[in-house]
Structures are given as structure tokens and as C-alpha cells.
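Single-letter residue listing:
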Amino acid sequence: DKLLASTNISFDVSIFEFFMTLLNGAKLYLYNEPNINDIFKYCKTIIKEKITFLYIPPNILEDVYSILSTYSNIPINKMLLGVEPIKSSTIKKYYTLNPEMKIINAYGPTEATSAVSAVNITSDMLEMDYLPVGDVSTVATKIEICGDEIILKGDSVFNGYLGNHIGGYFNDEGTNCYKTGDIGYVEEGLLYCKGRKDNQIKYKGYRIELGDIENNLLKINGVREAVVIAKYNDVQIVKSIKAFITLEKEVELVEIKKQLKEYLPEYMVPKTIIVLEKIPVNKNGKYDRKKLQELW
């Protein structure tokens, strides 16, 4: 294998890119750009250098596919995904590039030393509402669900923040533990992540998980990406919900709302949906919700 290392060294995925590659005797190709701004150049590097394995940030998956699909004999046979929710339809497209490709969806916060679980996405999984992010039979990290929150325990978990900031860290009989703040569940040995507890709001008397709205927006044909945020008034009460989306093809907003109402109750349907050419991301490739608040 030849792996393309393209993430910033401050991002925990770089641990996977560097050490998994070198410790397994594979070749490591260092991408010579500080970030992936030029998608065409990025794809050309994949083809020219015959890259077989790589991590692609979720926010550029569609753009990368649209360029790679113009080539024949795509060298990629393995991909690592994660960080943000990904549409099943997007993953299906990559299987058309190489039906034998292994696409691995992973999960794990920086506080547990990068990914703690991973699963090879199979065709039957692509019909599910949520894609699994791994299994619970990992060696270094024990994965538990407390209430609806994912808890990690074991050797890979950090031992607290610099400056004694407590955060989600705690110690249980000599074992490092971390409350991730991620909402999840385990089914048939597979771990599923539904979103963040800090994205849970109370609106019109109802408790709403903003990630649920995002995942249902992604079910709609034509919607590529979706981020939902809440607007608070001066006394920190949610007064409205807004969705920011990007599109794969032209879709009327009226139609998007109509379809969304088939999946969600009325109070969960955002009154305002804004179409952007690109959703802003931070240096770690995650959606920048603070910038979206500024766009409000």
C-alpha cells in the first residue's frame, strides 16, 4: 500500500496516517500542500502517485469523487472516513470507482488518542439511517453507553487536560475514563453515533437533537451536506432553528421542507434553510458552527 498523508500534524488523524503506515511497512507519501484547497491537484496526486489508501475529509468527498470519476483505473483500494456524518449515497458512489474497495468508518475523539473503533462498511449497512462507526470489541479501549452517552475507558484514554481542566475526564479505580459528549448506542456489537449532547436543545417545550435534523436532511435526494444551528435570545432561550446546506443538484427549498416533514415532526423542521456553495470548516476539517452563527 501507498498512503497519502494530507492532514495537518496537529490533527489526530495524522497519527493514523504516519504510524499505521510506517509500522506496517507501507509507503508514506507526504502531500506538499498545507491544506486541500485545490481539489483537482489533490486528485491528480492520488492518480499520479498511485495512492492506494487515504483519509478523505468528509466535506470534500463529493468533490473528490466528481473528479476521480473522470479517470479510469483508480488506484484507491482502501479509504478511512470519519469526523462528520456522511451520506450513504456518497459512499455508494465510491464503490462504483472500485467495487472491491474497503471503506472504513471510524470513531474516536482526540482525548482517546485518535480512533478507538472502526468498521468496514458493507452494502447492507448503506440502507441504514445511521452508519456504524465501529465495534465494541476493541482491545485498548472499552466502549460503554451510559444513558445515551458514549463513555470510553482504558489505556488509550488521556489522563486529563493541561491546567487541570476537568472536561469529561474521570478516573475509575485506576482506569482513565472519558465522557465523550457523543450520543450513541450499540446494536449487534456495532457502535452507532447519532450526534453531540451539546447539540441538544429545548425548543417550544421539546428536547431536540440537532444531529437528528441534519441526518434527516441528508436523506433527501440532492442535499450534499447539512449543518443545523440554534439561535438564542438574550436569556438563552432558543427562538429559532436554521439549517445550512450544500446541494448536489438543484432542489427547491419548498420541496426540501416538504420531504423533511415526512421524517420529522413540525417543530423540528427549520423555518429557514440557507443554501451555501461551501460550508465553512475549521483547521481540523470539522464544520465551523461559530462561523455559521456569524452568517445568521
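Parameters and conventions
Residues numbered from 1 in each chain as written. Predicted model: local features only at pLDDT ≥ 70, side-chain atom pairs only at ≥ 80, totals over all residues. Heavy atoms only, no water. Pairing = 2+ DSSP bridges. Helix = DSSP H or I, 4+ residues; strand = E, 2+ residues; numbered from the N terminus. Axes fitted to C-alpha atoms, helices over the stretch in contact; angles between N-to-C directions. Contact = heavy atoms within 4.5 Å. Buried < 20%, exposed > 50% of the residue type's maximum accessible area, 1.4 Å probe, protein only. Core = buried A, V, L, I, M, F, W, Y, C linked by side-chain atoms within 4.5 Å. Arc of directions from axis to C-beta.

Mind showing me how you'd approach the sheet that holds strand β4 (residues 78-81) here?
Hydrogen bonds between backbone atoms are what pair the strands of a sheet, whose relative direction is either parallel or antiparallel. In spatial order, the strands read β2-β1-β3-β4-β5-β6; together these 6 strands make up an open sheet with mixed pairing. Here the strands that pair on one side only, and so sit at the sheet edges, are β2 (27-30) and β6 (117-120). Here the strands of the sheet are splayed against their neighbours by 20 degrees on average, with no regard to which way each runs. Note: strand β5 (residues 102-107) against β6, 4 bridges, orientation antiparallel. The residue bridging I104 from the neighbouring strand is N120, located in β6. Here helix α1 (residues 13-23) sits on the sheet in contact with β1 (2-5), β2, β3 (53-55) and β4, set at roughly 155 degrees to β1.

How should I be thinking about the environment of I151 in this particular structure?
With respect to the secondary-structure elements, I151 resides in strand β9 (residues 149-154). Using a relative accessible area of 5% as the deciding quantity, one classes I151 as buried. Residues I151 and T175, spaced 24 residues apart in sequence, show a C-alpha to C-alpha distance of 12 Å. Sequence-distant contacts of I151, defined by excluding residues within four places in its chain, comprise K142, I143, E144, C146, F170, Y178 and K179.

For this particular structure, what's the right way to read the nonpolar core?
The nonpolar side chains of a soluble globular protein tend to be buried, and buried together. Residues Y42, L54, I56, V64, M79, I91 and Y94 are the most contacted members of the largest nonpolar core, which totals 35 residues. Elements with a minimum of two residues in this core: α2 (39-48), α3 (61-68), β4, α4 (88-97) and β12 (190-196). For this core, the leading source of residues is α3, giving 5 residues. Residues contacting V64, with those up to four places away along its chain left out, are I39, Y42, C43, I56 and Y94. Membership of the second largest hydrophobic core comes to 23 residues, among which are I213, V228, V238 and A243.

Which parts of the structure should I look at to understand α2?
Count 3.6 residues to each turn of an α-helix, and residues three or four apart come out pointing the same way. Turning to α2, its buried residues are I39, Y42, C43, T45 and I46. All buried residues of α2 fall inside an arc of 155 degrees around its axis, so they share one side. Looking at the packing, one finds that the buried side of α2 touches β1, β2, β3 and α3. In the stretch just after α2, K50 is the one whose phi turns positive, near 55 degrees.

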